[in-house]
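Reading the structure
Each chain, written out:
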Amino acid sequence: MRKTMKANPKPKKAPAVVIPAEHEPLLTEVHDAIKAMGRRTTGQAFELGHQLARAKAVLPEKMFGRWTSTVCGYTPRQGRNYVAIHEHLQEHRARLEAAAVVPTVLFVLASAKPEKIEAVLAVVESGERLTVGQVKNLVKDGDDVQPERKTAIGGLAGLRRAAEAKLKDELTQFTELSKRILKAVEPVAELLANGKHVSKKSLADKVEVDAYKASSLLRSAIFPERVDAGRATNRGADDALVGWGGAPALFGRLGDSPRWPGKDEFPTWVTGTVLPMLRFVVHGDPLPGMHQEATPTPADDAAGEAAPEDRLTLEDIPALEGPSEEDDGDAADDPVASDAEVPVVEAEPQAPGKRRAMKESLTGV
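Model, not experiment: these values are computed from the prediction.

Regarding its fold elements, the protein chain presents 15 helices and 0 strands. Every one of the 365 residues in the protein chain was classed for burial, and the buried ones make up 35%. Sequence-distant contacts, at least 24 apart, represent 74% of the contacts inside the protein chain between residues at least 6 apart. Counting only carbon and sulfur atoms, one obtains 54% of the accessible surface of the protein chain, whose full area is about 22900 Å².

For the rest of this paragraph, the subject is the nonpolar core. The biggest cluster of nonpolar side chains holds 37 residues, and the ones touching the most others in it are Leu 52, Trp 67, Leu 89, Leu 96, Leu 106, Leu 109 and Val 135. For this core, the elements supplying multiple residues, two or more each, are helix 1 (24–36), helix 2 (42–56), helix 3 (61–72), helix 4 (76–88), helix 6 (103–109), helix 7 (114–125) and helix 8 (132–139). Sort the elements by how many residues they give to this core and helix 2 lands first, with 6 residues. Not counting residues within four places of it along the chain, the set of residues in contact with Leu 96 comprises Thr 42, Phe 46, Leu 89, Val 101, Leu 106, Leu 109 and Leu 121. Counting 33 residues, the second-largest nonpolar core is a separate cluster that includes Phe 174, Ala 184, Ala 189 and Val 198.

Take helix 2 next. Here helix 2 is 15 residues long and its end C-alpha atoms lie 21 Å apart, about the 21 Å a rise of 1.5 Å per residue gives. All buried positions along helix 2 are accounted for by Thr 42, Gly 43, Ala 45, Phe 46, Leu 48, Gly 49, Gln 51, Leu 52, Ala 53 and Ala 55. Contacts from the buried residues of helix 2 go to helix 1, helix 3, helix 4, helix 5 (93–98) and helix 6.

Model confidence for the protein chain is summarised by a mean pLDDT of 75, while 66% of its residues fall at 70 or above. Averaged pLDDT values for the elements of the protein chain fall to 43 in helix 14 (residues 298–302) and rise to 92 in helix 13 (residues 266–283). Overall, residues 294–314 carries pLDDT values under 50, and its contacts beyond four positions in sequence, including any with other chains, amount to 19 contacts. Every residue in residues 317–355 is under pLDDT 50, and counting partners more than four places away or in other chains gives 83 contacts.

This part covers the packing of aromatic side chains. For the structure on display, the rule yields 7 aromatic pairs. Their ring planes at 70° and their centres at 5.4 Å tell us that Phe 174 and Phe 251 sit as a pair that is edge-to-face. Within this pair, whereas Phe 174 is found in helix 9 (residues 155–193), its partner Phe 251 is found in helix 12 (residues 247–254), the two being separated by 77 residues in sequence. An aromatic cluster is built from Tyr 74, Tyr 82 and Phe 107, whose rings are joined through pairwise contacts.

All right, on to the packing of helix 10 (residues 200–222) against helix 12 then. At their nearest, the axes of helix 10 and helix 12 sit 7 Å apart, and the two run at 155° to each other. Considering their axes alone, helix 10 and helix 12 lie roughly antiparallel with respect to each other. Two packed elements cross with a definite hand, and for helix 10 against helix 12 that hand is left-handed. Residue-level inspection shows Val 207, Glu 208, Ala 211, Tyr 212, Ala 214, Ser 215, Leu 218, Arg 219 and Ile 222 of helix 10 in contact with helix 12, the latter providing Ala 247, Pro 248, Phe 251, Gly 252 and Leu 254. In terms of residue class, the contact of helix 10 with helix 12 is made up of 10 nonpolar, 2 polar and 2 charged.

Glancing now at the pattern of salt bridges. The tally for this structure, following the rule as stated, stands at 9 salt bridges. Among the ionic pairs, Glu 128 bridges to Arg 161, the shortest N-O distance being 3.4 Å. On the criterion of sequence distance, the pair formed by Glu 128 in the loop between helix 7 and helix 8 and Arg 161 in helix 9 is long-range, its members being 33 residues apart. The class of Glu 128 is buried, set by a relative accessible area of 11%. Residue class for Arg 161 comes out partly exposed when judged on its relative accessible area of 36%. Taken together, the shared-partner salt bridges connect Arg 95, Glu 118 and Glu 125 into one network.

In a regular helix each residue adds 1.5 Å, so 13 residues correspond to 18 Å; helix 1 covers 18 Å between its end C-alpha atoms and thus fits that length. Among all positions of helix 1, only Leu 27, Val 30 and Ile 34 are buried. On an axial view of helix 1, the arc spanned by its buried residues comes to 60°, and they lie on one face. Exposed positions of helix 1 whose direction lies more than 90 degrees from the buried face are Pro 25, Lys 35 and Ala 36. Where the residues of helix 1 are buried, they touch helix 2 and helix 3.

As for its placement among the helices and strands, His 92 is situated in the loop between helix 4 and helix 5. Residue classification places His 92 among the buried positions, given a relative accessible area of 6%. When sequence neighbours within four positions are dropped, the list of residues in contact with His 92 reads Ile 117, Glu 118 and Leu 121.

Another point: unusual backbone geometry. In the Ramachandran plot, Ala 100 falls in the positive-phi region, its phi being about 55° despite a non-glycine side chain. Along the chain, the position of Ala 100 falls in the loop between helix 5 and helix 6.

This next bit is on the environment of Lys 140. Relative to the helices and strands, Lys 140 resides in the loop between helix 8 and helix 9. A residue is classified by how much of its surface remains accessible, and Lys 140, at 33% relative accessible area, is partly exposed. With 28 residues separating them in the primary sequence, Lys 140 and Ala 112 have C-alpha atoms 8.2 Å apart.

Attention shifts here to a positive patch on the surface. Taken together, Lys 56, Arg 77, Arg 80, Lys 136 and Lys 140 make up a surface patch of like positive charges. Its location among the elements puts Lys 136 in helix 8. Residue Lys 136 is classed as partly exposed on the basis of its relative accessible area, which comes to 46%.

Cut-offs used in this document
- Residues numbered from 1 in each chain as written.
- Predicted model: local features only at pLDDT ≥ 70, side-chain atom pairs only at ≥ 80, totals over all residues.
- Heavy atoms only, no water.
- Helix = DSSP H or I, 4+ residues; strand = E, 2+ residues; numbered from the N terminus.
- Buried < 20%, exposed > 50% of the residue type's maximum accessible area, 1.4 Å probe, protein only.
- Contact = heavy atoms within 4.5 Å.
- Areas by Shrake-Rupley, 256 points an atom, 1.4 Å probe, with all protein chains shown as cover.
- Core = buried A, V, L, I, M, F, W, Y, C linked by side-chain atoms within 4.5 Å.
- Expected span 1.5 Å × (residues − 1).
- pLDDT = per-residue confidence, 0-100.
- Phe/Tyr/Trp six-rings, centres within 6.5 Å; stacked < 30°, edge-to-face > 60°.
- Axes fitted to C-alpha atoms, helices over the stretch in contact; angles between N-to-C directions.
- Parallel < 35°, antiparallel > 145°, perpendicular 65-115°, else oblique.
- Left-handed = near helix turned anticlockwise from the far one by under 90°.
- Nonpolar A, V, L, I, M, F, W, Y, C, P; charged D, E, K, R; others polar.
- Salt bridge = Lys/Arg side-chain N within 4 Å of Asp/Glu carboxyl O.
- Arc of directions from axis to C-beta.
- Patch = residues over 30% accessible without salt bridge, like charges linked within 9 Å, V, L, I, M, F, W, Y side chains within 5 Å.
- Lys, Arg positive; Asp, Glu negative; His and termini not counted.
- Charge placed at Lys NZ, Arg CZ, Asp CG, Glu CD.

This is the structure in C-alpha cells:
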C-alpha cells in the first residue's frame, strides 16, 4: 500500500506582543530612542541598556523578550545583556568609555566581580587591547583561571610601556639607596659641623657601595645615550637637568672613597656639598645658590603642569624590599655636571687599580 506524504505543517506564529495601553507611550518613546542610535559605541551601549531597562520595568519577563526581538530587533539574550551593562557597570562607566571598551567585552564585565572588573580596567587603561576570550579568562575565579598569555604590544605605545617599566624599577632602587646614604651622612655632617673628628673610613664603609650603585642608576635614568653627535640637544631635557646634572657625579665620587677630599677639605665637602645634594635628591630641598623655579601660571596649569608643592619627590615613590642586586654601570664622574651645581674640590691622586678592584669587589653585591 502506497503511503501518502503529509504536507509540512505550517510554522507556528510567534506569540503576539501584548502591550498594556497605559505603557504604550513609554514603549514608543523607548523604541524611538533606540532607533535613533547610530554606531554602537561604549556610551551608546550604556544608553541602549538604559532604554531597554525602562521597557523591562513595565513588561513581564517573557513579554520583554518578545518585545525586544519583534519591535527592536534584538534577541532576548542581547536585550538582557544591555540591561546588565546599565545596571552593573555604572560605577565604572567613565573609565570604560575613556578606554573605548567594546559592547561584547562589556557583556562579560557586567557579570564579573568588582575586583575582576578593576583588574581588566587596569590592563586596558595601560593601552593593551583584550579579546573577549582574554577578558573571560581574567574574570574567572579560583582554579578555573587559565595561565595568562601576555600580549605583545608593538609600536610607540609598546616601546613607551617597556621604557616606563625600566625607569620605574630603576627609580625605586635609586630611592632606596639614596635614602640609606642620606641616613648615614646626616649624623656625620652634624658631628663635622660641630668640629668633631670623623674617620673617612667609617663613612665609606656605610655609603661607598650604595653610592656606586646609585650613580649608575641615576645616570641611566636622566642621561640619554648620545648615538648621533650631530643631533641637536633637546632643550626641554636640558632644562629638566637643572640641579640634577651634578648628582651622578657626586654619587660617583661618594662611591670611590680614594677620590674624597683630604682631611682639611673633607668636613666642608660633606656639610656644604654632599649633604645639600642628598637632601635635594631625596626631599626636594633647594640647593644653596640655585635659582628657585617660578610658580606656574594658569596657562601652565591648564597644560597639565603640577605646582611645585604637588610634584613628586623620591619620598613619594614606594620602596621595594631592598636595592637591586645588579651592578651595571661605570661610576666615573659624569662630564655633564657643572661646577656651579656641585663645587668639586681637587681630588687626591687615585690609587692604581683601585677602580678595577672596586668593580670586582662589587660583583654580585
